[in-house]
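# Residue-level structural notes
Residues per chain, in single letters:
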Amino acid sequence: MAGSKLSNLTKRRQRAESSGEPFVDALRAALSHNRVKWDGASRSLHSHDASVFDGGNSGPVVYPETTAEVQAVVRLANQHGRNVVPRGAGTGLAGGAIPLGVPVVVAVTKMNAILEVDEVNRVAWVEPGVINLDLTKQLKPLGYHFAPDPSSQQVCTIGGNVANNSGGPHCLAYGVTNAHVVAMEVVLPSGDTAMLGGLEAEPQGFDLRGAFVGSEGTLGIVTKVAVRLTKNRPAVRTLLMAFDDVRDAANTVSDVIAAGIVPAAMEVMDKQITAAVENYVGAGYPVDAAAVLLAEVDGLDSGVDIDADRIAKIGRSNKATDVRLAESEAQRQLLWKGRKTAFGAVAQIAPDYYLHDTVVPRSALADVLEQIYEIADRYDLLIMNVFHAGDGNLHPLIVFDGRQEGVLERVHAAGGEIITASLDAGGVLSGEHGIGVEKQKFMSRMFTNDDLDHQNRLRQAFDPHCRTNPGKVIPSGHSCADIQSLRSVPNTVWG
Amino acid sequence: MSATLAVTDPTLLAFAEEVGETDAVAIEGGRTRWDLGGIPDGEPRLIRAPEGIVEYRPEEMTVQVRAGTSVGELHATLAAKGQRTALPERGGTVGGALAVGENDFRALGRGRTRESLLQVRYVSAEGKVVSSGGPTVKNVSGFDLPRLMVGSLGTLGCLAEVILRTNPIPAESRWLHAEGVDAQVVFDALLNPSAVLTNGTEVWVELEGHGPDVEQQTKVLASLGSFSDAEAPELPAHRWSMKPSDAATFTPVDGERFIATIGLGLIFTDSPQPRSELDPAVVVISERLKANFDPTGRLNPGRMPGRN
């Protein structure tokens with residue numbers, strides 16, 4: 001009783017207390033005191049994400065629980081001339097969630113309900129703060145899953161997946177997030193809501209849904225998503241193949257696709273990462289191999305046997321030294337556990353890592369990998385490779401100790417060369433991490449000024465005043481790229 | 001730096017010149033959907049996109065093709081290497097199929113048109129060649145203009161050349177037919193049928209995959225009704241788009257014939273679908289998009305996606 005009186009008193013005092021910031025007071029009046037954080041610790045925490053980039057500067061951090069609250073926050077930000085940055089779990093690796101220009105950070109983590117599972121339309125309506133893997137776990141008893149499975153799936157949110165058009169090992173066969181988002185309710189930069197896409201076979205009008213997915217939080221804030229339910233396959237075969245040369249593994253990947261097989265996943269790990277993973281989880285990987293290829297096919301029993309046999313033959317014809325088929329679900333899980341914990345395993349080797357993300361044509365994988373090893377030698381760095389080989393999505397992992405004098409400069413210079421090598425091979429800047437602040441300055445290596453200008457025209461159709469997640473994706477020199485009072489990423493961090 | 005990225009293909013540059021910068025133009029494909037989204041206003045100059053397959057890379061599952069190429073010709077080339085795309089074959093061009101954005105009625109097996117476009121090159125209202133997306137099957141480099149272009153009816157830019165994702169043609173493909181079975185039950189019992197169609201009394205199913213898989217799924221069908229080999233049914237001319245749940249319970253007006261696609265939500269019937277209103281917030285953005293991409297309204301004037 002006394003406790004409750006005290007807490008009521010506290011609440012009243014908090015309500016009466018002004019933060020000294022009219023904007024913060026207005027947000028607190030619209031939401032509640034405890035769902036608008038303005039303390040140094042909260043702001044400092046939300047000034048970063050999982051990327052290596054500093055330079056973020058968060059304003060108030062808000063935790064809306066409803067679409068109406070998100071609208072209220074956006075409208076207040078507009079009235080107060082403040083920017084808005086949406087945020088899921090903050091697991092992005094390109095700095096897309098780093099707040100620039102002291103914006104209000106809209107954390108959607110409290111909007112985490114699975115609203116409806118609609119089996120006839122094969123969709124689930126979810127709020128943006130739902131964790132990717134939680135959704136798949138909830139769907140399992142019904143025989144479905146959410147197909148995008150990024151490595152961060154244990155913590156990343158569906159809202160973040162929408163923002164980044166996330167992938168994962170199994171998007172080789174199933175497609176990235178764009179293919180799995182059917183419709184969504186968004187709060188536009190104006191504060192109005194809009195329903196983009198629809199459950200109909202062919203929604204009318206421009207595909208604003210398609211344009212929104214992967215826009216890295218610059219076009220508005222997603223508040224409800226209808227995601228596609230993918231039927232679980234009754235049969236799965238997982239193969240592990242070892243090679244003495246990473247080139248043989250890469251060629252196997254190319255040959256499998258050329259043979260007309262689209263496996264559910266094809267992942268390659270090089271010698272360095274395989275050793276680290278094996279030491280970490282004991283997945284049974286051959287540590288003496290130069291490269292390990294994990295290939296998975298799923299579907300019906302007879303078909304997966306046919307495909308697994310063909311893949312094994314292609315592997316052997318590319319000099320695989322060991323070809324194993326997971327004999328039980330437990331063994332299969334263990335093989336995947338190794339792959340999925342690769343980044344955790346790296347922590348044993350050095351305190352810091354920088355995970356890159358580029359895509360090259362599959363047929364160029366072997367050549368680009370060779371260049372990456374050469375770049376590593378030249379900059380005296382350790383670079384490990386664990387990647388989605390099936391779709392040519394490289395993830396060179398530069399492992400380093402940030403306390404070493406001058407190491408960051410070498411890390412970034414090597415990263416820049418990896419990007420150049422990928423583009424020169426006919427590849428693209430990013431396969432699933434996005435541009436964020438990480439690759440902004442590389443955008444003009446892939447696109448002309450006219451190309452970028454048109455991307456910006458799309459952005460400004462949604463956000464004419466460039467208020468939502470400003471300073472991202474489009475490089476400096478284009479509108480919506482430069483924000484007044486924006487603290488840019490310091491040169492010491494990203495050369 | 002960016003100069004090296006500029007498109008140098010003389011065919012595309014000539015097309016850009018043809019599109020020009022000032023007068024109203026309407027882009028013509030196979031004219032199979034000429035009145036969709038409105039008939040071109042006034043008398044715009046008619047233009048056609050260039051034709052030809054630029055580069056087919058079966059091992060990458062990609063094909064670079066000019067927008068004026070017919071879908072039939074493209075698919076014939078791909079079939080020689082055991083591949084196809086998601087684009088529907090109905091007598092039109094690649095650019096037209098993308099600009100309209102309709103799916104094949106077997107989209108559950110072939111993929112959706114909007115997901116097949118990896119890279120787009122179009123001529124802007126200012127007469128410049130603009131590129132977006134990229135040649136790889138996976139790519140999140142910048143804003144996704146390829147998605148925006150699919151279904152845009154040429155109102156934002158004139159499609160010139162694209163890179164499409166190709167898919168292997170399954171080893172076996174089989175149509176089966178039965179009467180007196182519940183189409184939704186059939187759909188739910190199968191793993192990934194390419195199509196389950198019904199006219200309310202009959203059901204047609206397309207199964208694709210490895211021979212033994214098709215055989216296994218055929219057995220599943222046999223447990224539900226007396227299915228026998230058949231041809232795909234003829235589809236009435238008008239397509240309606242709805243939720244799969246509505247398609248499953250569709251009743252036509254005045255007893256018109258119809259074919260419903262279960263799990264997809266398309267209906268084929270004899271009369272056009274009454275259009276519904278777009279969300280006003282969506283209209284605002286759509287109009288801004290049009291104004292940003294085509295400030296003088298010279299590209300396909302009179303047409304707008306979602307308009308009758």
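Rules used throughout
- Residues numbered from 1 in each chain as written.
- Chains lettered and ligands numbered in written order.
- Predicted model: local features only at pLDDT ≥ 70, side-chain atom pairs only at ≥ 80, totals over all residues.
- Heavy atoms only, no water.
- Helix = DSSP H or I, 4+ residues; strand = E, 2+ residues; numbered from the N terminus.
- Rg over C-alpha atoms; globule rule 2.2 N^0.38 Å.
- Buried < 20%, exposed > 50% of the residue type's maximum accessible area, 1.4 Å probe, protein only.
- Contact = heavy atoms within 4.5 Å.
- Areas by Shrake-Rupley, 256 points an atom, 1.4 Å probe, with all protein chains shown as cover.
- Lys, Arg positive; Asp, Glu negative; His and termini not counted.
- Charge placed at Lys NZ, Arg CZ, Asp CG, Glu CD.
- Pairing = 2+ DSSP bridges.
- Axes fitted to C-alpha atoms, helices over the stretch in contact; angles between N-to-C directions.
- Expected span 1.5 Å × (residues − 1).
- Buried area = accessible area lost by both parts, 1.4 Å probe.
- Salt bridge = Lys/Arg side-chain N within 4 Å of Asp/Glu carboxyl O.
- Nonpolar A, V, L, I, M, F, W, Y, C, P; charged D, E, K, R; others polar.
- Domains from an automatic or database assignment.

On to the overall build of chain B. A tally of helices and strands in chain B yields 10 helices and 16 strands. Expected size for 308 residues packed as a compact globule is a radius of gyration near 19 Å; at 21 Å, chain B falls within 12% of this value. Projecting the C-alpha coordinates of chain B onto the three principal axes gives extents of approximately 60 × 45 × 30 Å. Taking all 308 residues of chain B together, 59% fall into the buried category. Within chain B, residue pairs in contact and separated by at least 24 positions form 67% of the contacts whose partners lie at least 6 positions apart. As displayed, chain B offers around 12,100 Å² of accessible surface, 49% of which is attributable to carbon and sulfur atoms. Averaging the locations of the 29 positively and 41 negatively charged side chains of chain B gives two centres separated by 5 Å.

On to the sheet that holds strand 12 (residues 202-209) of chain B, then. Two orientations exist for strands paired in a sheet by backbone hydrogen bonds: parallel and antiparallel. Residues and elements named next belong to chain B. Pairing is antiparallel across the open sheet formed by 7 strands, whose spatial order is 13-10-12-11-15-16-14. Among the strands making up the open sheet, the edge pair consists of strand 13 (228-229) and strand 14 (238-241). Bridge analysis of strand 11 (residues 195-198) against strand 12 gives 4 bridges, and the strand direction is antiparallel. Within strand 12, the residue paired with Leu197 across the bridge is Trp204. Relative to strand 12, helix 8 (residues 211-222) is tilted by about 155°, and along the sheet it contacts strand 10 (172-179) and strand 12.

Now for the pairing of strand 20 (residues 396-400) of chain A. Residues and elements named next belong to chain A. The element strand 20 is extensively covered by neighbouring structure, given that 5 of its 5 residues are classed as buried. The alternating pattern of strand 20 places Pro396, Ile398 and Phe400 on one face and Leu397 and Val399 on the opposite face, and all of these are buried. Where strand 16 (residues 352-355) lies against strand 20, 4 bridges are found, and the strand directions are antiparallel. Within strand 20, the position partnered with Asp352 by the bridge is Phe400. Here 4 bridges tie strand 18 (residues 382-387) to strand 20, and the two strands are oriented antiparallel to one another. Opposite Ile383, over in strand 20, you have Ile398 as the bridge partner.

Note that Ser132(B) resides in strand 7 (residues 129-133). Every residue in contact with Ser132(B), bar those within four places of it in the chain, is listed here: Phe447(A), Gln455(A), Leu118(B), Gln119(B), Val120(B), Phe143(B), Leu145(B) and Pro146(B).

Residue and element names in this part refer to chain A. Look at helix 14 (residues 365-378): 20 Å from first C-alpha to last across 14 residues, which is about the 20 Å you get at 1.5 Å a residue. Of the positions making up helix 14, those classed as buried are Leu365, Ala366, Val368, Leu369, Ile372, Ile375 and Ala376. Trailing helix 14 by a residue or two, Asp380 shows a phi angle of about 55°, which is positive.

Here we come to the interface of chain B and chain A. Many analyses report the size of an interface as the accessible area lost when the parts associate. Counting residues at the interface gives 78 residues for chain B, matched by 88 residues for chain A. Carbon and sulfur atoms make up 59% of the area that chain B and chain A hide from each other, which totals about 6,700 Å². For the pair chain B and chain A, the interface holds 7 salt bridges. Residue Lys138(B) pairs with Asp391(A) through a salt bridge whose shortest N-O separation is 3.8 Å. Contributing elements (two or more residues each) for the side of chain B that touches chain A: helix 5 (113-116), strand 7, helix 6 (145-149), helix 7 (183-189), helix 8, strand 14, helix 9 (244-248) and helix 10 (280-293) of chain B. Classifying every residue of the side of chain B that touches chain A by side-chain character gives 33 nonpolar, 26 polar and 19 charged.

All names here are of chain A. Read across the sheet, 5 strands follow the order 5-6-10-8-9 without closing on themselves; strand pairing throughout is antiparallel. If you trace the sheet from one side to the other, it starts and ends with strand 5 (114-118) and strand 9 (193-197), each paired once. Averaged over all pairs of adjacent strands, the angle between their axes in this sheet comes to 15°, without regard to strand direction. Note that strand 8 (residues 181-187) and strand 10 (residues 221-228) share 6 bridges and pair antiparallel. In the sheet register, Val187 faces strand 10, and the bridge partner there is Ile221.

We now examine the domain arrangement of chain B. Residues and elements named next belong to chain B. Each domain of chain B was delimited in the assignment, giving domain 1 (2-168) and domain 2 (172-269). Averaged C-alpha coordinates put domain 1 and domain 2 at centres separated by 30 Å. Listed as interface residues are 12 residues of domain 1 and, on the opposing side, 16 residues of domain 2. For the pair domain 1 and domain 2, the two sides together bury roughly 1,000 Å², of which 60% comes from carbon and sulfur. A per-residue breakdown of the area domain 1 buries against domain 2 is headed by Phe105, Arg106 and Leu108, which together make up 61% of the total. Between the two partners, domain 1 and domain 2, sit 2 salt bridges.

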